[in-house]
Amino acid sequence: MSKYISSFFLTIMIIIILFLILGAVFMGGGDPAEEVVYIFGTIVVFLLAFIIAQVFYLIDLFKKKL
């Protein structure tokens, strides 16, 4: 159980780091709403990749039990 809790907090820290890095990258002028969409869109993509990886882990876990 502690492995999943630590992975959750690791994900939260990665989100914060991505927000800071991508916020600095996309702050080049233009429409502020466009910059926010880029930042949150990229964060969502990384989170979905993390969820997909966790689903594959669960599938492997269930295969081992059967």
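Just so it is clear, the model here is predicted, and its values are computed rather than measured. The residue numbers shown here count from 1 along each chain, following its written sequence. Owing to the predicted nature of the model, reporting of local features is limited to residues with pLDDT of at least 70; listing and counting of side-chain atom pairs is limited to 80 or more, with chain, interface and lining totals taken over all residues. The side-chain values count all of the structure's non-hydrogen atoms but skip hydrogen atoms and water molecules.

A. The overall build of the protein chain, seen in detail. Here a strand is any run of E in DSSP of at least two residues, a helix any run of H or I of at least four, and the numbering for each starts at the N terminus. Each helix and strand in the protein chain was counted, giving two helices and zero strands. A simple rule labels every residue: compare its accessible area, found with a 1.4 Å probe on the protein chains alone, to the largest value its type can have, and call it buried under 20%, exposed over 50%, or partly exposed in between. Relative to its 66 residues, the protein chain shows a buried fraction of 12%. Roughly 5400 Å² of accessible area belongs to the protein chain as shown, and the carbon and sulfur atoms make up 81% of that amount. For the area figures, the Shrake-Rupley method with a 1.4 Å probe applies, and any residue is considered shielded solely by the protein chains shown.

B. How the structure looks around helix H2 (residues 32-65). Multiplying one less than the number of residues by 1.5 Å gives the expected span of a helix. End to end, H2 covers 50 Å across 34 residues, agreeing with the expected 50 Å (1.5 Å per residue, within 8%). Among the residues of H2, Glu 35, Ile 39 and Ile 43 are the ones counted as buried.

C. Structural view of a nonpolar patch on the surface. In this scheme, patches are assembled from residues that exceed 30% relative accessible area and form no salt bridge. Like charges are connected within 9 Å, while nonpolar side chains (Val, Leu, Ile, Met, Phe, Trp, Tyr) are connected within 5 Å. By convention in these notes, a salt bridge is any Lys or Arg side-chain nitrogen within 4 Å of a carboxyl oxygen on Asp or Glu. Together, Val 44, Leu 48, Phe 50, Ile 51, Ile 52, Val 55, Phe 56 and Ile 59 give the surface a local cluster of nonpolar side chains, amounting to about 700 Å² of exposed area. Considering the arrangement of structural elements, one finds Ile 51 in helix H2.

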